[in-house]
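Structure assessment
This is what each chain is made of:
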Amino acid sequence: MRYRKAIMAKTNLIKVVVAAGLTVACVLGLSACGSNGVAATVNGKEIKEEKITNYIESIRSQSGLEDEDTWAQWLVDNDLTPSGVREEMIDSFADELLIASAAEERGATVDDSTVDYYVESMKSNYSTDEAWQSALESAGFTEDEYRETIKTSLLQNALLETFADEVTVDEDTALSYAKMYTTYYDGAKRSSHILFAADDEATAQQVLDQINAGTLSFEDAAKQYSTDTGSAENGGDVGWDALNSFVTEYTTALDELSKGEVSGLVTSSYGIHIIKCTDVFEAPDEVTSMSDLPEAFQESFNSMAKSSAQQSAYSTWFSEFKENANIVINDMPSGLPYDVDLSGYTVTTSSSSTTTTTTTDSSSSSSSDSSDSSSSSSSSSN
C-alpha cells in the first residue's frame, strides 16, 4: 500500500540521518526552503512546505544528487517526478500525525523514558554534543524533531501490538509457513554450553577433562559450574542456532561439531565455553504435520503466521483510519529547489547486455507498490 511505501522511505531516511559523518544540507535562501507555506493539513494540523523541502534536499545531498542534471536524471531513471516525491514525503509526515492519533484512539502509549533511551543511545555515537547537534542540523533535524520521529516509530510498534489479541492462527496456516520455510532450517544445530570466567581456564580445563573421561555428565557440569545461570538450569541448553544469534567464536566451534560431540575450550568476549552439539535438524522432503518438526521450530512458524496476521489486521485498520482522515494537500509552489524540468531527459535501464531507452515527459508520473515482510528472531548471550 502507498502509505506503507512512504513509511519505509521515511525509515530509510532516518537511518541516513543518524549515520556518522553526515554532510546533508538544505539549500537555504531559495524561495520555498525558508518560507512559512503550508504543504498540507491533516485533520487541521499543518505540515510546513519548508519541512518537506528540507527532507527532499537532505536526500539529494546524502545521495550525491545536488547537481540539477544528476537529480533530474535520477528522477527519470526511477520513474519519479518532483511533485511525486513531494507527495510521498507529505504522505510520510501525514502518517506520523495519524499514527499519534490512532495510538491515542487504541490506547497505545510510549513512555518518555523509552524515547530518551533511544535518543541517548544514538547520541552516544558522537564524541561531543557539538558533533551530535551538527549531524542533526546538517540533516535538517532539530533534536526535538528527531525525538518526535523516534516516538512515532515506537508508537507505531505499540499500535501494532494492540492487534495481538485480535488475531488467531489455525494449524493449517502455521503449517503453510512450515512448508515454505522448513528447508531454511536444514542442518540447524542445537547446542548446550558451560560458561566460565575468562580468567578461570584451569577450572574449565578440569571440567572438560572430566566430561571427556565420562566421570561428569555435561548437564551436571553445566548446573554446577556454568556462569550462564539462564541456561545452566536446563543443562546448558541454548537452543537452535537457526533461531538464535551467537558470537562468532561460538558459531565457528559449533559448526565443527556433530551430534553428541563436545568442543575444546572456546574463548569469546563472554568468557570460556565448553560446547556440546545436542541435535542436528534434517529437513524432511515434505512437511505434512507440525509434529514433523522440533517444538522450537513449531513455535517459530506459529509466531511468523501470527505476526503476519497481526500486521495485516493493523494495515487494514490503519488504511481505513487514514481514508476517514481529512487530508488536504496544497498545490506545489513554484521555485522549489528540487523542482526541475524533466522534459529533456530519457530513462535508460540496463540489465545484463540489454539496454532499453524510453522518453519521459515532465508531466508524467507513476507509482509502484511495495510490500513488507516481517520476521522474528531471538538472541542468546553466549
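Here goes a summary of the coordinates provided. It should be emphasised that the depicted structure is a prediction, and the values quoted were computed from it without experimental measurement.

What follows covers the overall build of the protein. A tally of regular secondary structure across the protein gives 13 helices and 9 strands. Residue burial in the protein is summarised as follows: out of 382 residues, 40% are buried. For the protein, the accessible surface area stands at approximately 20200 Å², while carbon and sulfur atoms represent 44% of it.

The next thing to look at is the environment of Glu57. Along the chain, the position of Glu57 falls in helix α2 (residues 49-62). Its relative accessible area of 4% is what places Glu57 among the buried residues.

Quick look at the packing of helix α5 (residues 112-123) against helix α7 (residues 143-161) now. Taken N-terminus to C-terminus, the directions of α5 and α7 make an angle of 120°; their axes are 10 Å apart at the nearest point. As summarised for this structure, α5 and α7 are arranged oblique, according to the angle between their axes. Judged by the sense of rotation from one axis to the other, the crossing of α5 with α7 is right-handed. Contacts from Asp112, Thr114, Val115, Asp116, Tyr118, Val119, Met122 and Lys123 in α5 reach Glu143, Tyr146, Arg147, Ile150, Lys151 and Leu154 in α7. Taken together, the residues of the contact of α5 with α7 sort by class into 7 nonpolar, 1 polar and 6 charged.

Sheet strands associate in pairs through backbone hydrogen bonding, adopting either a parallel or an antiparallel arrangement. Taken in spatial order, the 3 strands make up an open sheet running β2-β1-β7, and their pairing is antiparallel. Both outer strands of the open sheet, β2 (45-48) and β7 (327-329), are each paired with one neighbouring strand and no more. If you compare each strand with its neighbour and ignore which way they point, the axes differ by 20° on average. Looking at chain direction, strand β1 (residues 38-42) and β7 are connected through 3 bridges and run antiparallel.

Below, the discussion takes up the nonpolar core. Most often, soluble globular proteins keep nonpolar side chains buried together rather than apart. The biggest cluster of nonpolar side chains holds 50 residues, and the ones touching the most others in it are Ile47, Ile52, Trp71, Trp132, Tyr146, Tyr314 and Phe318. Listing elements by their share of this core, those giving two or more residues are β1, α2, α3 (68-77), α4 (82-106), α5, α6 (129-138), α7 and α13 (295-323). Top contributing element to this core by residue count: α4, with 9 residues. In this structure, Ala178, Phe281, Phe301 and Ala305 belong to the second largest nonpolar core, which totals 16 residues.

Okay, the sheet that holds strand β5 (residues 262-268) next. The antiparallel open sheet is built from 4 strands, whose spatial order is β4-β3-β6-β5. Two strands lie at the open edges of the sheet, namely β4 (237-240) and β5, each paired on one side alone. In this sheet, neighbouring strand axes are inclined to one another by 30° on average, regardless of whether the strands run parallel or antiparallel. Two elements, β5 and strand β6 (residues 271-280), share 5 bridges in a ladder whose sense is antiparallel. From the neighbouring strand, Val266 faces β6, where its bridge partner is His273. Where helix α9 (residues 201-213) meets the sheet, its contacts fall on β3 (189-196), β5 and β6, and the angle it forms with β5 comes to roughly 165°. The strands that helix α12 (residues 248-255) touches are β3, β4, β5 and β6; relative to β3, the one it contacts most, it runs at about 125°.

Each value, and the rule that gives it
- Residues numbered from 1 in each chain as written.
- Predicted model: local features only at pLDDT ≥ 70, side-chain atom pairs only at ≥ 80, totals over all residues.
- Heavy atoms only, no water.
- Helix = DSSP H or I, 4+ residues; strand = E, 2+ residues; numbered from the N terminus.
- Buried < 20%, exposed > 50% of the residue type's maximum accessible area, 1.4 Å probe, protein only.
- Areas by Shrake-Rupley, 256 points an atom, 1.4 Å probe, with all protein chains shown as cover.
- Axes fitted to C-alpha atoms, helices over the stretch in contact; angles between N-to-C directions.
- Parallel < 35°, antiparallel > 145°, perpendicular 65-115°, else oblique.
- Left-handed = near helix turned anticlockwise from the far one by under 90°.
- Contact = heavy atoms within 4.5 Å.
- Nonpolar A, V, L, I, M, F, W, Y, C, P; charged D, E, K, R; others polar.
- Pairing = 2+ DSSP bridges.
- Core = buried A, V, L, I, M, F, W, Y, C linked by side-chain atoms within 4.5 Å.

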